[in-house]
Amino acid sequence: MTQQSPSQPVGRGPKKNQRRGALVPTLVVLAVIAVAIVILAQFWTEWLWFDQLGFLQVLRTRWIVKALLFIIGGAVMGAGVWASIYIAWRHRPIYAPSTPQQVVLDRYRASLEPLRKIIMIGAPILIGLFAGASLASQWETVLLWIKAEPFNQTDPQFGMDISFFVFSLPWWKYVTGFLMAVVAIAVIAGAATHYLYGGIRIGGGGEPLTRTARLHLAILAAVFTLLIGVNYWLDRYSLLSKGGGKFDGATYSDIHAVLPAKGILAGISVFVALLFIAAAFRSDWKLPALGVGLMVLSGLVVGAAYPALIQRFQVEPNAQQLEKPFIQRNIDATLFAYGMEDVEVTRYEAKTDAEEGALRQDAEATASIRLLDPTIVSPSFRQLQQNKQYYNFPDTLAVDRYTVGDEKRDTVIAVRELDLNGLEASERTWVNERTVYTHGYGVVAAFGNTTQGDGRPSFYQRGIPSTGELGDYEPRIYFGQRSPDYSIVGAPEGSTPWELDYPDDEAPTGQVNTTYTGDGGPSIGNIWNKLLFAIKFGDEKILFSDRVNSESQILFDRDPSERVEKVAPWLTLDGRVYPAVVDERVVWIVDGYTTTDDYPYSKSTSLETATRDTLTESTSTIQALAPQKANYVKNSVKATVDAYSGEVTLYAWEPDDPILKTWESVYPGSVNPIDDISSELMSHIRYPEDLFKIQRQLLTQYHVSDADAFYSGQDFWLQPTEPTQGENTRVLQPPYYLTLQMPGQDNPEFSLTSSFITGGERNVLTGFLAADAEAGNEAGKPREGYGKLRLLELPRDLTVPGPGQVQNNFDANSRVSETLNLLNRGNSSVLKGNLLTLPVGGGLLYVQPVYVQSSQGTKFPLLQKVLVAFGENVGFADTLDEALDQIFGGDSGVEADGNGEISEGDEIPEEDLPEGEEPDEGEAPEGTEEPEDADAEEPDIPEAVGDAHERLATALDKARDAMVESDEALKSGDFAAYGAAQDKLQQALEEAFSAEAEIEGATE
């Protein structure tokens, strides 16, 4: 007998196993708790964010609806699959025939038996989770179906209200597809279980199915077939929003072949379902098998072959006549769905020959031409108004209108936002990034048609603290497009402020500090919120920093678009967000669209493709993989985001839009009436760019309103590509905000404009489109003409150069190319600005500013030249009025100072100069030669040319030296030296231009 060793007490081994066994459950519980806290952190912080903004009902409604749909979807799918498995198992045969197949299955059953309950319960739950998530993703669809508002318009085929197609049909289509998936998976699960337990026998003779298996699977097959019939029936209505052909919507063959075929196939599906029911009670599968064959054959013959034959032999030989009513339906629906039904079309007999004084009647519009290109001058804003390296401006600035004095002026405006990337590495501590550098400061505004004498922008709102014509306003920018992902603000009363407000050399510490007093974020003053936000942002310092106190708020999700998108997830947002100083606050204005891709007969458009041009930011991965398509777009909502408080306000801009009304019934009170828009805000609301881009793309075809002409397509247009990027570019020229006077308008209006060209290789102008972009009138109410689309159609037999041709004319002009080559030498480079098009002087005038900047070191562009074209005539000068006079015979009809530029001798305001640079006293530069007496004897041409070439070479050497001096001065921050070098450069360029002109004159 084996004896127990005295050194090993009885029972010790099991106790160790017990301790070891308790460790695993403890770790599992702790892991579950940790995961639960992480999930809670995400949910609770979102709850606090929405509650602070006053949009808690949006989050609550979405969560409740998604939760209910998840439960319903998971329960339906899970219950269906479980019931199918259970029925098959519960009614399994007790004694299955002994066959080789059953011997193998017996082994599988034996091995699966210990896991049977887990599989029978776990598999349906797992499948149900996926189904619940799928149904929950349709929360918007179900809400639109439940709260649907009528369009009070009927479709031209069925005579049903459009709301059925937009709100109800998508939901019923989804439900049908979802139930088909449930039944299909239930059939698979049931058949597999029957087979495993002998309910289905393959080979061995006898009945292949037991009575229970036959009833079970036949009924499921009948239900599935009925759902196929329902799907066929709903497809009849989906034909009206079908795309992919020459035009969208149902065609002749769809209505006369596909539509009846869908009805026939639905009837056949019902018939086959009855055959499956009959087979459930009879041991004969021949009839249902024949029925399935009939469905397949009918689908091929009735659903595919018959419509194809109708299309081939009836429609194609007579397409223009037969498709005419359906094309007209498409035209009418598209024009309405995109707000183009009232386009004012004017035949424009554009002149191509310039006449003296031709612009006199358009002098006001011509004088307002915007020479400051918002896509180019951002570096100038940075260099002259950035102030510190931790401030920055966007690459593309905004264009707006402001009343300066008693006059409304086109303005290029930008917000001076915080940019943490500008901090030195040693300054990028947690305290600095999260509690000190918390906000940007002020806006910078410059006249759109005015520059300083040396080409820099003419700022009328500038500096830190912000001063200028916009008056007093709250300059602190806590919410913007470049704001940090989160900041912690607020301090106990009486404590010393620690948030950097702005640098100030006169302050004892070199800076002025502030404490945030707004209500922009959730409180983070208690330990619970600290913990949850520390988990959310993965930052434990939130828990331990003394800067996080009882008065602290945490600001996050600070981008204006992101904030609007979160509180109004049912909106599609414009890609351009722009700032405005309104009622002594800086606000971001965001345009929101209600969209659908289910409007009958309207043209479906890829929004990402239609809005892509040189101003478009790169799209997100999700957009690139699945771009949104729509065939109905309305600018139903204008939204604002306060740059200081982060408050989001939605205004119903098109209150009669049925989709907007539906969402207002889902979220009552979340959208304010249009009457709540203040008069000052109204004056800065403008026509949205993305909507205009979509409309101009559609108008390349849909300016043709006659069905016969539309079918031929011979008068379709193209959008011009960006001419400054070369002839091989495929990037579209963006639309431009301009103040102009269209034919038929009494006064110049702030407008959004674009042009059209012919197809093929010819870049000839065929049309010009302008939208009245200014929303408010003088009383601060919505303007009656806002959004009016005015289209100028040029005669087909008239050749007016398009943007590509004009750019080619500029580049090919010998004087222009030589001068730009001079400017492009050495350490400087030439930038060509936006090529603007204006209908003035009875024709089309093109204007392009030309900028020069250093090619090395500190770079910022300065406006140096202006190019203009009218017909084939090209003007090129230092100022707009001089260039116009070159074209119009010295008398363009525009006053000499009409473009608002400050001439060489004018004094530049000292506050517009960089720190340390002295103002120009307006004296003529040293060495400037006086013009020769007009009566002097004309020199001999060869001698004059030789002297001029020598002067040109000398001037170029001087210009090159001046560029080097300018670059060195900028690198060292010596703006006084930079100003002196710029004077030398200007003098050298004038001498070079004079010599060049003398050479040209002598050789003519």
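Summary of the structure given here. Because the structure is a prediction, the values reported are computed rather than measured.

The rules behind the values
- Residues numbered from 1 in each chain as written.
- Predicted model: local features only at pLDDT ≥ 70, side-chain atom pairs only at ≥ 80, totals over all residues.
- Heavy atoms only, no water.
- Salt bridge = Lys/Arg side-chain N within 4 Å of Asp/Glu carboxyl O.
- Helix = DSSP H or I, 4+ residues; strand = E, 2+ residues; numbered from the N terminus.
- Buried < 20%, exposed > 50% of the residue type's maximum accessible area, 1.4 Å probe, protein only.
- Contact = heavy atoms within 4.5 Å.
- Core = buried A, V, L, I, M, F, W, Y, C linked by side-chain atoms within 4.5 Å.
- Phe/Tyr/Trp six-rings, centres within 6.5 Å; stacked < 30°, edge-to-face > 60°.
- 1 Å grid on protein atoms, 1.4 Å probe; cavity = no way out; pocket = protein on both sides within 12 Å on 5 of 7 lines; lining within 4 Å.
- Points joined across faces, edges and corners; volume = space filled by probe spheres on them.
- Nonpolar A, V, L, I, M, F, W, Y, C, P; charged D, E, K, R; others polar.

Turning our eyes to something else, we now look at the pattern of salt bridges. This structure, assessed with the given rule, holds 33 salt bridges. Notably, a salt bridge pairs Arg482 with Asp419, separated by 3.9 Å at the nearest N-O pair. Residue Arg482 is found in the loop between strand S10 (476–477) and strand S11 (486–489), and its partner Asp419 is found in the loop between strand S5 (417–418) and helix H13 (430–436); the two are separated by 63 residues along the sequence. A residue is classified by how much of its surface remains accessible, and Arg482, at 29% relative accessible area, is partly exposed.

Here the focus is the environment of Leu794. In this fold, Leu794 is placed in the loop between strand S25 (789–793) and helix H23 (803–812). Separated by 447 residues in the primary sequence, Leu794 and Arg347 have C-alpha atoms spaced 6.0 Å apart. In contact with Leu794, not counting residues within four places along its chain, are Tyr348, Ala350, Leu765, Thr766, Gly767, Val800 and Leu844.

The next thing to look at is the side chain of Ser298. For Ser298, the location among the structural elements is in helix H9 (residues 286–315). If we ignore the near neighbours within four places in the chain, the residues touching Ser298 are Leu265, Ile268 and Gly303.

The next subject is the nonpolar core. Counting residues in each nonpolar core, the largest one holds 149 residues, and the members touching the most others are Trp570, Leu650 and Tyr687. Examining the composition of this core, we find that 13 residues originate from one element, helix H6 (residues 162–196), more than from any other. Once residues within four sequence positions are removed from consideration, Trp570 is found in contact with Glu140, Tyr593, Thr594, Val637, Leu660, Trp663, Tyr667 and Val671. Core analysis: the next-biggest nonpolar cluster, separate from the first, contains 71 residues, Ile376, Ala446, Leu792 and Ala955 among them.

The next thing to look at is the packing of aromatic side chains. For the structure shown, the criterion picks out 43 aromatic pairs. Each ring, one from Trp717 and one from Phe756, has its centre 5.1 Å from the other, and the planes form 40°; the classification is tilted. Pair noted here: Trp717 is in the loop between helix H22 (707–712) and strand S22 (736–740) and Phe756 is in strand S23 (residues 749–757), with a separation of 39 residues, a long-range link. Like Trp717, the residue Phe756 is buried in the burial classification. The interplanar angle of 10° and the centroid separation of 5.5 Å between the aromatic rings of Tyr737 and Phe750 together place this pair among those described as stacked. Placement of Tyr737 in strand S22 and of Phe750 in strand S23 is noted, with a sequence separation of 13 residues between them. In terms of burial, Tyr737 and Phe750 fall into one category: buried. Taken together, the ring pairs connect Trp145, Trp171, Trp172, Tyr174 and Phe178 into an aromatic cluster.

Per the stated rule, a full pass over the model turns up six cavities of 30 Å³ or more. Pro374, Val399, Leu615, Pro735 and Tyr737 are the residues nearest the centre of the largest cavity, which is lined by 16 residues in total. The residue inventory of the lining of the largest cavity, partitioned by class, reads eight nonpolar, three polar and five charged. Of the voids in this model, the second largest cavity is the one considered here, and its volume is about 70 Å³.

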